[in-house]
Amino acid sequence: MDRVIYMDNNATTRVAPEVLEVMLPYFSELYGNPSSMHRFGGQVGRVVNEARQKIANLLGAQPDELIFTSCGTESDSTAILSALQSFPEKRHIVTTRVEHPAVKNLCEKLDKLSGHKHRVTQLPVNSDGTIDMQLYEDSLEDDTAIVSVMWANNETGVIFPIAEMARLAKQRGILFHTDAVQAVGKIPIDLSQVPIDFLSLSGHKLHAPKGIGVLYVRKGTPFVPFMIGGHQEHGRRGGTENVAAIVGLGKACELAQARMDIENTKVKTLRDKLENGLLNSVPRSILNGHKTMRLPNTTNISFEFVEGEAILLHLDAYGICASSGSACTSGSLEPSHVMRAMGVPFTAAHGSIRLSLSVYNTEDDVDFVLEKLPPIIAQLRKMSPFWEGEHKGSVGGASCKCSCS
Ligand SMILES: *Cc1c(COP(=O)(O)O)cnc(C)c1O
């Protein structure tokens, strides 16, 4: 492949060169165990704590409020399962219909397991992906153990009013968890100002490597470990630390803090140029998600009467990496749970594409996509019986026609 135009940064990001550089010694000469008594290991332990401090700085947290995990998914599971074990008499969980599978599937499993011991309220969202705060307030009950709501949505970039939601939970003595995997590094977060109990982040979504995550646990919040083993992380998560990845994540957080401005100026400008260019040049294209309450790097657009997977294949031929709002499972194209929760009409949900940028994208990348994508849509529509029908006014509701298998 000659050229890769990478616009799938909500799926994963490239490791920043500066991050890779600081990691390398921990794969070679600095291989000590941070828990060892000798100085060889001890120097590695100090480096782990320096990284912890850098991550804490980005979040407005105290270093000892951070627990290193293996990924965002582990952080999410740890937080939710901890809360349920801390308050065994409370059986209710509040979450939303648009969570990442790391939270959504866990909650649904808890709802079904052990004879419905736990009740889960999955809050709906409005058509622009935002939340109804009255519905949220009404969902909080006496036996609610935890609220778990993502800070920003991975498919649409829509940002939830997490500070306000956390305050409302706090007033009722309910623990509050936020999956901030997409938010960290893209929008300012200051945990010293918001009463959040648990926050999850993942290294590979902010230019650190895969296989490292963090769970923030506010000082004083009851905590029950998920991984039981050695005394690492003050007994809160057993297992020898992934030192190189931790060092890399520390550097990535330092970079993110320094680049937060660029994220909200340069990256946002590129995203807006891409988004407006597509919406203006392609008829029957619709933005999915709130226009402003949104991450600066993400756009999700539906092109009516085409299939997202087909668009992706054509983009891929040009080296353009994006993702679609439908998943090809068991031979049928199902619109994603996020598109369904937003009530995006079937014909539009099928043709939804997510483009997610990073500080490494250039104006050339955007111009290239603006040149290639509109003709792809036009070509696919020529072959679409639904588009034809729409033009002749004969076909109303299109049915699922799958071209993958
Ligand atoms: C990617 C992602 C996760 C999962 O993180 P992993 O480190 O891949 O386990 C969880 N939540 C959101 C919102 C994500 O985007």
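Residues numbered from 1 in each chain as written. Predicted model: local features only at pLDDT ≥ 70, side-chain atom pairs only at ≥ 80, totals over all residues. Heavy atoms only, no water.

1. Details of helix α2 (residues 39-59)
Within an α-helix, residues lying three or four positions from one another point in the same direction, as the helix has 3.6 residues per turn. This is how the line gets drawn: Note on conventions: DSSP H or I runs of at least 4 residues are helices, E runs of at least 2 residues are strands, and numbering of each starts at the N terminus. What a helix is expected to span follows from its residue count: subtract one and scale by 1.5 Å. With a 1.4 Å probe rolled over the protein chains alone, any residue whose accessible area is under 20% of its type maximum counts as buried; one over 50% counts as exposed, and the rest are partly exposed. Should any heavy atoms of two residues lie within 4.5 Å, those residues are considered in contact.
The end-to-end C-alpha separation of α2 is 30 Å, in line with the 30 Å expected for 21 residues at 1.5 Å each. Among the residues making up α2, those that are buried are G41, V44, G45, V47, V48, A51, R52, I55, A56, L58 and L59. Contacts made by the buried residues of α2 are with β2 (66-69), β7 (198-202), β8 (213-217), α7 (232-235) and α8 (243-281). G60 occupies a position one or two residues after α2 and carries a positive phi of about 70°.

2. Some thoughts on the nonpolar core
Inclusion rule: In this description, a nonpolar core means a group of buried Ala, Val, Leu, Ile, Met, Phe, Trp, Tyr and Cys residues linked to one another through side-chain atoms lying within 4.5 Å.
Within the largest apolar cluster, 70 residues are counted, with the highest numbers of intra-cluster contacts made by L59, Y136, W151, F176 and L199. Those residues within four positions of W151 in sequence are excluded, and the remaining contacts are V158, I159, F160, I162, T178, D179, A180, A183, I187, I189, I196 and L199. In this structure, L270, I301, I311 and L355 belong to the second largest nonpolar core, which totals 28 residues.

3. Structural notes on the domain arrangement of the protein chain
As a reminder, the rule being used: Domain ranges listed in this record stem from an automatic or a database domain assignment. The buried area of a pairing is the accessible area, by a 1.4 Å probe, that goes missing from both parts when the two are put together, added over both. Within this document, salt bridges are pairs made up of a side-chain nitrogen of Lys or Arg and a carboxyl oxygen of Asp or Glu, the two lying within 4 Å of each other. Any pair of N or O atoms that falls within 3.5 Å is considered a polar contact. Within protein, one atom must be able to donate a hydrogen and the other to accept it, and sequence-neighbouring residues count only if both atoms are side-chain atoms. For this scheme, ten residues count as nonpolar: Ala, Val, Leu, Ile, Met, Phe, Trp, Tyr, Cys and Pro. Four count as charged, namely Asp, Glu, Lys and Arg, and the remainder, Gly too, count as polar.
Segmentation of the protein chain into domains returns domain 1 (5-12 + 260-397) and domain 2 (17-258). The straight-line distance from the C-alpha centre of domain 1 to that of domain 2 is 29 Å. Overall, the association of domain 1 and domain 2 removes approximately 2,500 Å² of surface from exposure, summing both partners, and the carbon and sulfur fraction of that is 57%. Per-residue buried area on domain 1 facing domain 2 is highest for M260, L295 and H337; these three make up 27% of the total on that side. Our count for the domain 1 to domain 2 interface comes out at 0 salt bridges. One can count 14 residue pairs in polar contact (both at pLDDT 80 or more) joining domain 1 with domain 2. Of all elements in the fold, only α8, β10 (298-303) and α10 (337-341) reach the threshold of two or more residues within the side of domain 1 that touches domain 2. In the side of domain 1 that touches domain 2, the residues fall into 11 nonpolar, 14 polar and 4 charged.

4. Section: the packing of helix α9 (residues 308-317) against helix α12 (residues 363-382)
Counted only if it meets this: Whenever a helix is involved, its axis is fitted only over the stretch in contact; in every case the axis is a line through C-alpha atoms, and angles between N-to-C directions fall within 0 to 180 degrees. Working rule for angles: under 35 degrees goes down as roughly parallel, over 145 as roughly antiparallel, 65 to 115 as roughly perpendicular, anything else as oblique. By the definition used in this description, the sense in which the near helix is turned from the far one sets the handedness, with an anticlockwise turn below a right angle giving left-handed and a clockwise turn giving right-handed.
In the contact formed by α9 and α12, the axes pass within 10 Å of each other and the chain directions differ by 135°. Here α9 lies oblique to α12, going by the angle between them. For the pair α9 and α12, the sense of crossing is right-handed. Of α12, the residues touching α9 (which contributes A310, I311, H314 and L315) are L373, I376, I377, Q379 and L380. Residues that form the contact of α9 with α12 fall into these classes: 7 nonpolar, 2 polar and no charged.

5. Remarks on the confidence of the model for the protein chain
Selection criterion: Note: pLDDT gives the predictor's confidence per residue, expressed from 0 to 100.
With 93% of its residues at a pLDDT of 70 or more, the protein chain has an overall mean of 93. Every residue in residues 392-405 is under pLDDT 50, and counting partners more than four places away or in other chains gives 22 contacts.

6. Thoughts on the packing of aromatic side chains
The geometry of an aromatic ring pair is captured by two quantities: the separation of the ring centres and the angle between the planes. We apply this condition: Stacked, edge-to-face and tilted are the three classes for Phe, Tyr and Trp ring pairs, Trp counted by its six-membered ring, which pair at centre distances within 6.5 Å; planes under 30 degrees apart are stacked, over 60 edge-to-face, the rest tilted.
Here the structure, examined in full by the defined rule, presents 2 aromatic pairs. Here Y31 and F40 contribute two aromatic rings whose centre-to-centre distance is 5.0 Å and whose plane-to-plane angle is 70°, an arrangement assigned as edge-to-face. With 6.3 Å between their ring centres and 90° between their planes, Y318 and F368 make a pair best called edge-to-face. Here Y318 is found in the loop between α9 and β11 (320-321), whereas its partner F368 is found in helix α12, with 50 residues between them in sequence.

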